Amino acid sequence: YDTQRWKLTPATQISAIKSVKNALRDAGGSELTVPRNWEGPALGFQIGPVVEADYGDAVLRQCQPILLVTPPDFSIRQFAEIAFRIGGMSPAQARGLSESFAENPSWLIGVPRNGAETVQPIALRAGTGMLIESAGEHGGERQVSLLWNTSNRYYQLSGKIPRELAITVANSLQ
């Protein structure tokens, strides 16, 4: 990785899916109930600014911890389960992963929209991270994403790199 490009993205706010109920229905998740107060602008993320280093085959992003903006009495675990169902996971997979994501809701930003083949917690020097592996588009190379937090930073490393390299990079950052 001899060529790196840097990019700074200003702080932004992202609204969650305009209609969580419709997206869940379209994904076949009609067995789950979406609270009425989740619809509209009361649900989203405040991110940034984000510093991005592009190394060609991999991109490392970092920012201050991502803030999840929620309505009153919001269940992060329930939201994570619904987000995974919308992303194409089975009910059992979504339920199983929702606990890990409830502890670190900013990880939801890094989950691919077209689903992932592998989503698993990984022990890192900074704590627990989330490793996401997806098949490449049109049979291409696998995409690896590793998401983790420190007390004052959110990191996302993504690219066509071996999972071992992603873990090594994460463990080298403090």
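Since the model is a prediction, treat every value here as computed from it, not as a measurement. (Residues numbered from 1 in each chain as written. Predicted model: local features only at pLDDT ≥ 70, side-chain atom pairs only at ≥ 80, totals over all residues. Heavy atoms only, no water.)

1. Notes on the packing of aromatic side chains
Next, step 1: Taken as a whole and assessed by the stated rule, the structure comprises two aromatic pairs.
Next, step 2: Where Phe74 meets Phe79, the ring centres are 5.5 Å apart and the plane angle is 50°; that geometry is what we call tilted.
Next, step 3: A residue is classified by how much of its surface remains accessible, and Phe74, at 14% relative accessible area, is buried.
Next, step 4: Here Trp148 and Tyr155 contribute two aromatic rings whose centre-to-centre distance is 4.9 Å and whose plane-to-plane angle is 10°, an arrangement assigned as stacked. Here the two residues Trp148 and Tyr155 agree in accessibility, since each one is buried. (Phe/Tyr/Trp six-rings, centres within 6.5 Å; stacked < 30°, edge-to-face > 60°. Buried < 20%, exposed > 50% of the residue type's maximum accessible area, 1.4 Å probe, protein only.)

2. Examining helix H2 (residues 76-86)
Next, step 1: Turning to H2, its buried residues number three or more, namely Phe79, Ala80, Glu81, Ile82, Phe84 and Arg85.
Next, step 2: Gly88 sits one or two residues past H2 and shows a positive phi near 105°. (Helix = DSSP H or I, 4+ residues; strand = E, 2+ residues; numbered from the N terminus.)

3. Digging into unusual backbone geometry
Next, step 1: In this structure, Pro49 follows Gly48 across a cis peptide bond, with omega equal to 5°.
Next, step 2: Checked against the element boundaries, Pro49 lands in the loop between strand E3 (44-47) and strand E4 (50-54).

4. Concerning the pattern of salt bridges
Next, step 1: Summed over all chains, the structure comprises five salt bridges.
Next, step 2: The salt bridge involving Glu81 is made with Arg77; its shortest N-O contact spans 2.7 Å. Remark: Arg77 and Glu81 occur in helix H2; sequence separation between them is four residues, near one turn of the helix.
Next, step 3: In this structure, Glu133 and Arg163 form a salt bridge, with 3.0 Å as the shortest nitrogen-oxygen distance. One end of the pair, Glu133, is in strand E8 (residues 127-134); the other, Arg163, is in helix H4 (residues 163-172), and 30 residues separate them in sequence.
Next, step 4: Residue classification places Glu133 among the buried positions, given a relative accessible area of 9%.
Next, step 5: According to the relative accessible area criterion, Arg163 is partly exposed, its value standing at 24%.
Next, step 6: Taken together, the shared-partner salt bridges in this structure form one network comprising Arg77, Glu81 and Arg95. (Salt bridge = Lys/Arg side-chain N within 4 Å of Asp/Glu carboxyl O.)

5. With respect to the sheet that holds strand E2 (residues 12-15)
Next, step 1: Strand order in this open sheet of three strands is E2-E3-E6, and the pairing throughout is antiparallel. Looking at the sheet topology across the chains shown, the edges are occupied by E2 and strand E6 (67-69). This sheet shows a mean twist of 25° between the axes of neighbouring strands, independent of strand direction.
Next, step 2: The pairing of E2 with E3 spans four bridges and is classified as antiparallel. Pairing of Ser15 across the sheet is with Gly44, part of E3. (Pairing = 2+ DSSP bridges. Axes fitted to C-alpha atoms, helices over the stretch in contact; angles between N-to-C directions.)

6. Overview of H4
Next, step 1: Taken together, the buried positions of H4 are occupied by Ala166, Ala170 and Asn171. Each buried residue of H4 sits inside an arc of 130° when the element is viewed along its axis, so together they form one side. Every exposed residue of H4 that faces more than 90 degrees away from the buried side is listed here: Glu164 and Thr168.
Next, step 2: Tucked inside the fold, the buried residues of H4 contact strand E7 (118-124), strand E9 (143-149) and strand E10 (154-159). (Arc of directions from axis to C-beta. Contact = heavy atoms within 4.5 Å.)

7. Details of the environment of Ile66
Next, step 1: Locating Ile66 in the fold gives a position in the loop between strand E5 (58-63) and E6.
Next, step 2: A C-alpha to C-alpha distance of 6.9 Å links Ile66 and Tyr154, two positions 88 residues apart in sequence.

8. Things to note about the confidence of the model for the chain
Next, step 1: Per-residue pLDDT for the chain averages 79, and the proportion of residues at 70 or more is 79%.
Next, step 2: Across the chain, the element-wise mean pLDDT spans from 73 in helix H1 (residues 20-26) up to 94 in H4. (pLDDT = per-residue confidence, 0-100.)

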